Amino acid sequence: MNEEKTDWIFYLKLNRKLPEHFFKLDQEFKKSGYTLIPVSISELITVTKGEGSFHVVATINGFSEATYFTNKVQKVFQMLLRSKRMHTYIASSFKFVDETAMFGKSGQYHFVSLPVTMEYFCGTIAKIIQTKDNQTRKWPGGTTRLGSTIG
């Protein structure tokens, strides 16, 4: 899975019930060729045990979601980010959940302040994922002259 393009983006559920905006986000991501898959934190831990790197979106809209995120999710996210197993995209109006200072330079953590349009949020994430996919397929060596052989 490391070198193949993934068409799935995981959406972290912070409540038992999916929020209404999940379906709108999914439709917006489908315009770029991605499908949003809802997962709980325990399901995310299970999924990330396999090989490869995963893209995870989380939207934190209320104080109860922010509290759940800081108490139950944040440490797991930190571990997955440190092990370079996950690319995280968080949208929230709560600055205390923003960990850009710690993980921003890694290129695996992206924080967007709410309010933001779905088109902008989804479009930005799709561009980042496409850029990452293109970089993994890029030849790591230099250039070769026509007619020359490798090796």
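Treat the numbers as computed from the prediction; the structure is a model and nothing was measured.

Draft legend 1. Focus on the pattern of salt bridges. A full pass over the atoms with the stated rule returns three salt bridges. Note that Lys30 and Asp26 form a salt bridge whose closest N and O atoms lie 3.3 Å from each other. Of this pair, Lys30 and Asp26 are both found in helix H1 (residues 20-30), four residues apart, which corresponds to roughly one turn of the helix. Here Lys95 ties to Asp98 by a salt bridge, and the two come within 2.7 Å at their closest N and O atoms.

Draft legend 2. Local environment of the packing of aromatic side chains. Applying the stated criterion across every chain, the model contains eight aromatic pairs. A centroid spacing of 5.2 Å and a plane angle of 85° characterise the contact between Phe22 and Phe23, whose relative ring orientation is edge-to-face. Taken together through their ring pairs, the aromatic side chains of Tyr11, Phe22 and Phe23 make up a single cluster.

Draft legend 3. Representation of empty space enclosed by the protein. For the structure shown, the criterion picks out two cavities of 30 Å³ or more. Taken as a whole, the largest cavity holds about 50 Å³ of empty space. Its residues assigned to classes, the lining of the largest cavity shows four nonpolar, four polar and three charged. Empty space within the second largest cavity amounts to approximately 30 Å³.

Draft legend 4. Inspection of the nonpolar core at higher detail. Grouped together as the largest cluster of nonpolar side chains are 24 residues, with contacts concentrated most on Leu12, Leu44, Ile60, Phe69, Phe77 and Ile90. Of all elements in the fold, only strand S1 (8-12), helix H2 (41-47), strand S3 (54-60), helix H3 (63-82), strand S4 (86-92) and strand S5 (109-113) reach the threshold of two or more residues within this core. The biggest single contributor to this core is H3, with seven residues. Apart from residues lying up to four places away in sequence, Leu12 is in contact with Val39, Ser40, Ile41, Leu44, Val56, Val57, Ala58, Val73 and Phe77.

The rules behind each value
Residues numbered from 1 in each chain as written. Predicted model: local features only at pLDDT ≥ 70, side-chain atom pairs only at ≥ 80, totals over all residues. Heavy atoms only, no water. Salt bridge = Lys/Arg side-chain N within 4 Å of Asp/Glu carboxyl O. Helix = DSSP H or I, 4+ residues; strand = E, 2+ residues; numbered from the N terminus. Phe/Tyr/Trp six-rings, centres within 6.5 Å; stacked < 30°, edge-to-face > 60°. 1 Å grid on protein atoms, 1.4 Å probe; cavity = no way out; pocket = protein on both sides within 12 Å on 5 of 7 lines; lining within 4 Å. Points joined across faces, edges and corners; volume = space filled by probe spheres on them. Nonpolar A, V, L, I, M, F, W, Y, C, P; charged D, E, K, R; others polar. Core = buried A, V, L, I, M, F, W, Y, C linked by side-chain atoms within 4.5 Å. Buried < 20%, exposed > 50% of the residue type's maximum accessible area, 1.4 Å probe, protein only. Contact = heavy atoms within 4.5 Å.

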